Amino acid sequence: MVSLTSFSRRLHSKDADYLNDLGLLYLRVCGALLLLYVHGLPKILHFSDELQRIEDPMHLGKGFSLCFSIFAEVICPLLIIAGVFVRVAAMSVLCLVVVAMFLVHPDWSVAEGQFGWLLMIIFGTVLIAGGGRFSAHVKKL
């Protein structure tokens, strides 16, 4: 664990890589927790209700659509938080959000779909940048 003094010194140092990795950690953990809390947990807790309500824009079946949603909104955020398969998990989240924004809710204005747009920005950034040094898969030197 990083001490407060050490953390403060690093914040004011020229160690840009450390700060970038810290920013990636913050982005991926906060974004994943938000997705998990707002969308993932309600789908698990109210599975049967969600199964009746869920859209099936690709005609793969409501069960498949709900299970993929749960995968992308529960399993993938947990992987992203842990720093395991970060890019694959971010891609799954992005696929789900793109389908939701462009196939399920194409009539939404930017204001109505702002949460979806923010999710695309967050997980697009995570997809591009990866998990950073504070990921489970990174070898500690």
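Keep in mind the model is a prediction, meaning the values are calculated, not measured. (Residues numbered from 1 in each chain as written. Predicted model: local features only at pLDDT ≥ 70, side-chain atom pairs only at ≥ 80, totals over all residues. Heavy atoms only, no water.)

**Re the overall build of the chain**
Reasoning step 1: For the chain, the helix and strand inventory stands at 6 helices and 0 strands.
Reasoning step 2: Listed by position from the N terminus, the elements making up the chain come as α-α-α-α-α-α.
Reasoning step 3: Along the three orthogonal principal directions, the C-alpha set of the chain runs to about 55 × 30 × 20 Å.
Reasoning step 4: Within the span of the chain, comprising 141 residues, buried residues form 32% of the whole.
Reasoning step 5: In the chain, of all internal contacts separated by at least 6 residues, the share reaching a separation of at least 24 is 63%.
Reasoning step 6: By element, 69% of the accessible surface of the chain is carried by carbon and sulfur atoms, the whole surface being about 8900 Å².
Reasoning step 7: Across the chain, the centroid of the 11 positively charged side chains sits 16 Å from that of the 10 negatively charged ones. (Helix = DSSP H or I, 4+ residues; strand = E, 2+ residues; numbered from the N terminus. Buried < 20%, exposed > 50% of the residue type's maximum accessible area, 1.4 Å probe, protein only. Contact = heavy atoms within 4.5 Å. Areas by Shrake-Rupley, 256 points an atom, 1.4 Å probe, with all protein chains shown as cover. Lys, Arg positive; Asp, Glu negative; His and termini not counted. Charge placed at Lys NZ, Arg CZ, Asp CG, Glu CD.)

**Thoughts on helix 5 (residues 86-104)**
Reasoning step 1: For helix 5, built from 19 residues, the straight-helix expectation of 27 Å at 1.5 Å per residue is met to within 8% by its first-to-last C-alpha distance of 26 Å.
Reasoning step 2: Those residues of helix 5 that sit buried are Val-86, Ala-89, Ala-90, Ser-92, Val-93, Leu-94, Leu-96, Val-97 and Met-101.
Reasoning step 3: Considering only its buried residues, helix 5 is in contact with helix 2 (16-45), helix 4 (62-82) and helix 6 (114-129). (Expected span 1.5 Å × (residues − 1).)

**Focus: the pattern of salt bridges**
Reasoning step 1: On inspection of all chains with the given rule, the structure shows 3 salt bridges.
Reasoning step 2: Where Arg-133 meets Asp-21, a salt bridge forms, and the shortest distance between an N and an O atom there is 2.8 Å. Of the two residues, Arg-133 is situated in the segment after helix 6 and Asp-21 in helix 2; the sequence distance between them amounts to 112 residues.
Reasoning step 3: The class for Asp-21 is buried, based on a relative accessible area of 13%.
Reasoning step 4: A salt bridge links Glu-73 to Lys-43; its shortest N-O distance comes to 2.9 Å. Within this pair, whereas Glu-73 is found in helix 4, its partner Lys-43 is found in helix 2, the two being separated by 30 residues in sequence. Here Glu-73 and Lys-43 have matching classes, each one buried. (Salt bridge = Lys/Arg side-chain N within 4 Å of Asp/Glu carboxyl O.)

Worth remembering: the numbers are spatial, not functional.
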